[in-house]
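Coordinate analysis (summary)
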Amino acid sequence: MARSRAKPLPRIHAALESILSAHLVVEEAGAHLVVEEAGFVAVDLYDGCMLYDFDEHRMSLCDLDEYRAGPFVLNADRLPGSTRYMAPEEFARGSLIDIRTTVFAPGRALRLLLDAGDEEKQWRGTPEELEVVRTATATSPGRRFPSVRSFVDAWQAAA
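Residues numbered from 1 in each chain as written. Predicted model: local features only at pLDDT ≥ 70, side-chain atom pairs only at ≥ 80, totals over all residues. Heavy atoms only, no water.

**Topic: helix 6 (residues 148-158)**
- If you check which residues of helix 6 are buried, you get Val148, Phe151, Val152, Trp155 and Ala158. Taken end-on, helix 6 shows its buried residues confined to a sector of 130°, consistent with a single buried face. (Buried < 20%, exposed > 50% of the residue type's maximum accessible area, 1.4 Å probe, protein only. Helix = DSSP H or I, 4+ residues; strand = E, 2+ residues; numbered from the N terminus. Arc of directions from axis to C-beta.)

This is the structure we're talking about:
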């Protein structure tokens, strides 16, 4: 994480675009579908799923096997994952897990990778980008972007 954060902002932005675009498109029967159109919800997305190739300056995602058909109601005490990336509803039995939960995890990735430190007090992006991240990671799902597409559009407009 520290090595990634030390990269110049254009390199970090390119890596972040890879994370976002991966949540827009899935391949199904030869067609490209938006993740939410394919009916998937992100579960267990965290920095361990993000592999940065420092030679090629490329971000790849791996170990996404927890993504599930959604929406669904959480029938356990919590979902698997890193607490730094998890939405509040992922910790509450009976919560609705839906596309707004998916918006939260890449929102946290943007927040963490564009900060210079773990305390989240050294934001390196623009104020407009930070506002998009704040909306994506709002505590209440109803205050988040209603779709991955709307989140990505807002991010691209801010960047």
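**What about empty space enclosed by the protein?**
- Taken as a whole and assessed by the stated rule, the structure comprises 2 cavities of 30 Å³ or more.
- In this structure, the largest cavity is lined by Ser4, Arg5, Lys7, Arg11, Ile12, Ala15, Leu16, Tyr52, Met59 and Leu113.
- For the lining of the largest cavity, the elements supplying multiple residues, two or more each, are helix 1 (2-5) and helix 2 (9-22).
- Counting residues per element, the lining of the largest cavity draws most heavily on helix 2, at 4 residues.
- Residue lining of the second largest cavity: Ala42, Val43, Asp44, Leu45, Tyr85, Met86, Glu90 and Ala105, and that is the complete set. (1 Å grid on protein atoms, 1.4 Å probe; cavity = no way out; pocket = protein on both sides within 12 Å on 5 of 7 lines; lining within 4 Å. Points joined across faces, edges and corners; volume = space filled by probe spheres on them.)

**A closer look at the side chain of aspartate 115**
- Looking at where aspartate 115 falls in the secondary structure, it is placed in the loop between helix 4 (99-113) and helix 5 (127-136).
- In terms of polar contacts, aspartate 115 uses its side chain to reach the side chain of arginine 111, at 2.6 Å.
- When near neighbours in sequence (up to four residues on either side) are disregarded, aspartate 115 contacts Arg5, Glu120, Lys121, Gln122, Trp123 and Arg124. (Polar contact = N/O pair within 3.5 Å; in protein donor to acceptor, adjacent residues only side chain to side chain. Contact = heavy atoms within 4.5 Å.)

**Some remarks on the confidence of the model for the protein**
- Taken as a whole, the protein shows an average pLDDT of 86; of its residues, 92% reach a score of 70 or greater.
- When pLDDT is averaged over each element of the protein, helix 5 comes out on top at 97 and strand 2 (residues 31-33) at the bottom at 54. (pLDDT = per-residue confidence, 0-100.)

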